[in-house]
Amino acid sequence: MTDTIFSLSSAVGRAGLAVIRLSGPSAGATLERLSGGPLPRPRHATRAILRDPIDADILDDGLVLWFPAPHSYTGEEVVELHLHGGVAVVSAVLDVLAVQPDLRLAEPGEFTRRAFLSGKIDLTAAEGLIDLIDAETDAQRRQALRQADGALGRLYEGWRSRLVTLLAHFEASIDFVDEPIPDSLELELRKKILFVSGELTQHLFDKRRGERLREGVHITILGAPNAGKSSLLNLLARRDAAIVSSNAGTTRDVVEVRLDLGGCPVTVADTAGLRDSASDVEAEGVRRARARAEQADLKLVVFDGAVTPDAPSRDLVDADTIVLFNKSDLCDSVLLKGSAALGQYAVSVKYGAGIDEFLRALTAAVRGCVGAGDSPIITRSRHREALTNCRDALDRAAAASASEFAAEDLRQAVRSLGRITGAVDVEDLLDVIFRDFCIGK
Ligand SMILES: Nc1nc2c(ncn2[C@@H]2O[C@H](COP(=O)(O)OP(=O)(O)O)[C@@H](O)[C@H]2O)c(=O)[nH]1
Ligand SMILES: [Mg+2]
């Protein structure tokens, strides 16, 4: 028999309310024991005085909810205790639960793991729930909610069931050797396989927008020493995150801040000024700056508008770059001619001139990186890997020299999709996926 698990499902610490959740075959019986009465009406908040069953000592006066199986989050019997959120209240109730028969403390993610195992949600929905709890910005919240609702899972299951049907045709022809697939049907089947492969290719061609939204868009600030890079970082961060100084070469290591730009999470990195340096430490800083430039989703290349644009910075400008000519308070604006940049702005970071326009362009560029479309998109490298495997197997199937080989490749493709949603055996993946969950979820 499965254990009944319990845990504090709200955050630890002093608060107005706290929620303790129980799930498993003894959840209902435990509630009866604590409340000293019959089970309340299912799914209705009911007031109850909770007592220690051993000495009838009062624990708290709160609300309880009873979800009989299978109509609950986990598919098992579930009880929620809504308590006063004091540290002592919560620990008194947890202590009493810990000594009840058949009860034990839940492991992180165990409630959701049970929801998956009982078929309440698929793996992509479980991942969506983790993302929803971790979401820090509005766009992340929307993406996570869509995935938790099963949109991504439905897309993958749709492809999988189409492939299962195609596979059945091939398998039938293998089982009945006397009745090989007619050539015209075989051609038709292979066309359909290629069609699904094409849809997968389109789905994969997403510039990692979903993953970028989960992880945050990486922006790197680059430019010559003294151009105003650290000043720009501080402006974006609205605090003194990096040291600003008129001494060239002050910033040596990469300084990072995480912010919310128009609902999207971004990590902005300030770097050492690009120049040939006498000092080893500064040279290492320049090496790190260049490495960052390569990984960045977006680059902000800053020039001191009062001096001729330096070659090392100019060389970094590409289609993922916004160019800033800083210190417009000191000079007339110049622009790079024939540049591939996303945009060029004359600004004064110190005095605020031109900053609003630049911030609008930057926010639009960030949104472009993550895309805020309504269709479900890939949010994890695990999905991408499985989809790529699936697509490759489909292409092999379409080109296979015999039906047997086509069937084998199709089986692989079906299996790859099944591993994303958890429709096939994914025992080996569960620990990795649920590791990211917090306790009580
Ligand atoms: N006049 C003027 N000075 C600026 C402006 N932005 C930055 N500075 C100054 O330029 C110097 C170098 O700035 P800093 O942000 O440390 O540049 P970094 O070396 O590129 O990080 C500092 O003295 C800043 O105060 C600006 O818009 N106008
Ligand atoms: Mg600096």
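The shown structure was predicted, so the numbers you read here are calculated from the model rather than taken from an experiment. (Residues numbered from 1 in each chain as written. Chains lettered and ligands numbered in written order. Predicted model: local features only at pLDDT ≥ 70, side-chain atom pairs only at ≥ 80, totals over all residues. Heavy atoms only, no water.)

A. Local environment of the overall build of the chain. From N to C terminus, the chain includes 15 helices and 12 strands. The C-alpha atoms of the chain give 29 Å as radius of gyration, which overshoots the globular expectation for 441 residues (22 Å, by more than 25%). The principal-axis extents of the C-alpha atoms in the chain amount to approximately 80 × 75 × 40 Å. In the chain, which comprises 441 residues, the share counted as buried stands at 49%. (Helix = DSSP H or I, 4+ residues; strand = E, 2+ residues; numbered from the N terminus. Rg over C-alpha atoms; globule rule 2.2 N^0.38 Å. Buried < 20%, exposed > 50% of the residue type's maximum accessible area, 1.4 Å probe, protein only.)

B. The arrangement of unusual backbone geometry in detail. Here the bond from Ala69 into Pro70 is cis, since omega is 0 degrees, no more than 30 degrees from zero. Mapped onto the fold, Pro70 is located in the loop between β4 (58-67) and β5 (78-84). Phi at Ala56 takes a positive value of approximately 60 degrees, unusual for a residue other than glycine. Checked against the element boundaries, Ala56 lands in the loop between β3 (46-51) and β4. A positive phi is found at Lys207, a non-glycine position, where the angle reads about 55 degrees.

C. Representation of helix α15 (residues 427-434) in the model. The set of residues buried in α15 consists of Leu429, Leu430, Ile433 and Phe434. Take α15 and look down its axis: the buried residues cluster within an arc of 115 degrees, on one side only. In α15, the exposed positions angled more than 90 degrees off the buried face are occupied by Asp428 and Asp431. For α15, the elements touching its buried residues are α3 (110-117), α4 (123-134), α13 (381-399) and α14 (403-421). (Arc of directions from axis to C-beta. Contact = heavy atoms within 4.5 Å.)

D. Focus on the site of ligand 1. Of all residues adjacent to ligand 1, which total 18 residues, the nearest are Asn226, Lys229, Ser230, Ser231 and Asp329. Between Asn226 and ligand 1, the recorded distance is 2.8 Å, taken from a backbone N or O atom to an oxygen atom. In the environment of ligand 1, an oxygen atom lies 3.1 Å from a nitrogen or oxygen atom belonging to the backbone of Lys350. Protein contacts shield 89% of the accessible area of ligand 1, which totals 590 Å² for the unbound molecule. Top contributing element to the shell around ligand 1 by residue count: helix α9 (residues 229-237), with 3 residues. Across the shell around ligand 1, the residue classes break down as 6 nonpolar, 8 polar and 4 charged. (Near = heavy atom within 4 Å. Polar contact = N/O pair within 3.5 Å; in protein donor to acceptor, adjacent residues only side chain to side chain. Areas by Shrake-Rupley, 256 points an atom, 1.4 Å probe, with all protein chains shown as cover. Nonpolar A, V, L, I, M, F, W, Y, C, P; charged D, E, K, R; others polar.)

None of the figures reported here should be taken as evidence of function without further support.
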